[in-house]
Amino acid sequence: MINIRRMASTSSIQTALKTVNANIQNQISKKTEGAQNVRLVAVTKTKPVEDIITAYECGQRHFGENYIIELEEKTKHPRIQAICREIKWHFIGHVQTNKAKNLAAIPNLYMCETVHSEKLAKKLNKELEKAGKTEKLKVLVQVNTSREENKNGVSTSKVSDLVNLIRTKCTELEFKGLMTIGSFDHSLADGVNPDFVKLLKCRDDVCRRCNLKVEDIELSMGMSHDYEHAIELGSTNVRVGSTIFGARDPPKQSQNQEVIQEKEEESQQFQENNDSQHITKATDQEEVLENDTARLKELAI
């Protein structure tokens, strides 16, 4: 079955970008103190090259992608290479460690917003060393503020440890801040998003434990449905897709395969971890039994 990608009209993208940028500036102007610039990342997941070029020609420079395969395809596209020379790609999807090499090789990769573990940070750092990039890759630590099992991200209690590892052990990575998605179930009608508030607290904890300044820590939170609310709470990086380009198209077969592979690898890793725990427990039980037997022999003597 052929996947037909709908191309948004040039005028609709132009209008949407103007509206989103105006809304961003409006939220910034409301801040009486501590106002920071806010970066708009236009999310082009499943969107055609033509939409990217249209947004680029409207002045947009930061673009976000969720799938490494799709990002590779778009960065290699001759029209992207010819027209969008100053494009800055953000990877905002889940990174499997075995895809770190692919990600490290992406040209014009500006930031990875989804570093969620020490293992991934070390692997990505290693692959960047091999790739011989002249600049460090900016990274955000993804935090699972909602504690949902179906979301990736480091737990709030482990954020500072991961940040410290990146800053002290990963010479090819430049820690820039924190990112969260938050619960999809939260309604703005219910008030302040508690997951965004948790990210603010994580930032304060990181600053305290890693001796950093609050103003130096970027916060990436907020998408099409809640980016204004996120900016109000302190977000400096918002990821907006459908509001600019229209409803998301069904993923291509290659993207579906990437997700399936990811789930299979996560399941395998989970099983390996369980097996390791079982082996450890069994070993501990054997040691206890041996110690008890030795004591009985001593008593018998």
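Only a predicted model underlies this, so the values are computations on that prediction, with no experimental measurement involved. (Residues numbered from 1 in each chain as written. Predicted model: local features only at pLDDT ≥ 70, side-chain atom pairs only at ≥ 80, totals over all residues. Heavy atoms only, no water.)

Enquirer: Quick question: what am I supposed to make of the overall build of the protein here?
Expert: Scanning the protein from N- to C-terminus turns up 11 helices and 8 strands. Residues classed as buried in the protein amount to 45% of the 301 residues present. Contacts in the protein between residues at least 24 apart in sequence constitute 68% of all its contacts with a sequence separation of at least 6. Accessible surface, the protein: about 16400 Å² in total, of which carbon and sulfur atoms supply 49%. (Helix = DSSP H or I, 4+ residues; strand = E, 2+ residues; numbered from the N terminus. Buried < 20%, exposed > 50% of the residue type's maximum accessible area, 1.4 Å probe, protein only. Contact = heavy atoms within 4.5 Å. Areas by Shrake-Rupley, 256 points an atom, 1.4 Å probe, with all protein chains shown as cover.)

Enquirer: Would you mind going over the side chain of Ser146 with me for this structure?
Expert: Position of Ser146 among the secondary structure elements: in the loop between β5 (137–142) and α7 (159–169). Residue class for Ser146 comes out buried when judged on its relative accessible area of 17%. In this structure Ser146 touches Lys151, Gly182, Ser183 and Asp195, once residues within four positions along its chain are discounted.

Enquirer: Honestly, the packing of aromatic side chains in this entry has me stumped. Any pointers?
Expert: Geometrically, a pair of aromatic rings is defined through the distance of the ring centres and the angle of the planes. Under the defined criterion, the tally for this structure stands at 1 aromatic pair. Relative to Trp89, the ring of Phe63 has its centre 6.1 Å away and its plane inclined at 55°; by these criteria the two rings are tilted. Residue Phe63 is located in strand β2 (residues 62–65), and its partner Trp89 is located in strand β3 (residues 88–91); the two are separated by 26 residues in the primary sequence. Looking at Phe63, the relative accessible area reads 0%, which means it is buried. A residue is classified by how much of its surface remains accessible, and Trp89, at 1% relative accessible area, is buried. In this structure, Arg61 packs its charged tip against the face of Tyr56, placed 3.8 Å from the ring centre. (Phe/Tyr/Trp six-rings, centres within 6.5 Å; stacked < 30°, edge-to-face > 60°. Lys NZ or Arg CZ within 6 Å of the ring centre and 35° of its normal.)

Enquirer: Sorry, what's going on with the environment of Phe245 here?
Expert: Along the chain, the position of Phe245 falls in helix α10 (residues 242–245). Along the sequence, Phe245 and Ile13 sit 232 residues apart, while their C-alpha atoms lie 6.1 Å from each other. Setting aside its immediate chain neighbours within four residues, Phe245 contacts Ala8, Ile13, Ala42, Val43, Thr44, Lys47, Asp51 and Ala55.

Enquirer: I keep staring at the nonpolar core and nothing clicks. Help me out?
Expert: One broad rule of soluble globular proteins: the nonpolar side chains tend to lie buried together. Formed by 66 residues in total, the largest nonpolar core has its most connected members in Leu103, Val141, Leu178 and Ile244. The biggest single contributor to this core is helix α8 (residues 194–210), with 7 residues. With residues up to four places along the chain from it excluded, the contact list for Leu103 reads Ile68, Leu71, Phe91, Val95, Leu109, Cys112 and Leu124. (Core = buried A, V, L, I, M, F, W, Y, C linked by side-chain atoms within 4.5 Å.)

Enquirer: Help me understand helix α6 (residues 118–131), please; the structure alone is not making it clear to me.
Expert: In an α-helix, one full turn covers 3.6 residues, which means residues spaced three or four apart are oriented alike. Relative to the 20 Å expected for 14 residues at 1.5 Å per residue, α6 spans 20 Å between its end C-alpha atoms, a close match to the ideal helical length. Here α6 has its buried residues at Leu120, Ala121, Leu124, Asn125, Glu127 and Leu128. Around the axis of α6, the buried residues are gathered within 170° of arc, so they sit on the same side. Within α6, the exposed residues directed more than 90 degrees away from the buried face are Lys119 and Lys130. Where α6 is buried, its residues meet α5 (100–104), β4 (109–115), β5, α7 and β6 (173–179). Following α6 by one or two positions, Gly132 adopts a phi angle in the positive range, close to 70°. (Expected span 1.5 Å × (residues − 1). Arc of directions from axis to C-beta.)

Enquirer: Honestly, the state of the cysteines in this entry has me stumped. Any pointers?
Expert: Put plainly, a disulfide is one covalent bond tying together the sulfur atoms of two cysteines. Counted according to the given criterion, the structure contains 0 disulfides. Here Cys207 is not cross-linked by a disulfide; its sulfur's nearest cysteine counterpart is in Cys210, at 8.3 Å. (Disulfide = S-S within 2.5 Å.)

Enquirer: What should I look at first to understand the packing of helix α1 (residues 10–30) against helix α2 (residues 49–57) in this one?
Expert: Between two packed helices, what matters for the description is the angle formed by their axes and the separation of those axes. Direction vectors running N to C along α1 and α2 enclose 50°, while the axes themselves pass 10 Å from each other. Classed by the angle they form, the pair α1 and α2 counts as oblique. Judged by the sense of rotation from one axis to the other, the crossing of α1 with α2 is right-handed. Along the contact surface, α1 presents Thr10, Ile13 and Leu17, while α2 presents Asp51, Thr54 and Ala55. For the contact of α1 with α2, the class distribution of residues is 3 nonpolar, 2 polar and 1 charged. (Axes fitted to C-alpha atoms, helices over the stretch in contact; angles between N-to-C directions. Parallel < 35°, antiparallel > 145°, perpendicular 65-115°, else oblique. Left-handed = near helix turned anticlockwise from the far one by under 90°. Nonpolar A, V, L, I, M, F, W, Y, C, P; charged D, E, K, R; others polar.)

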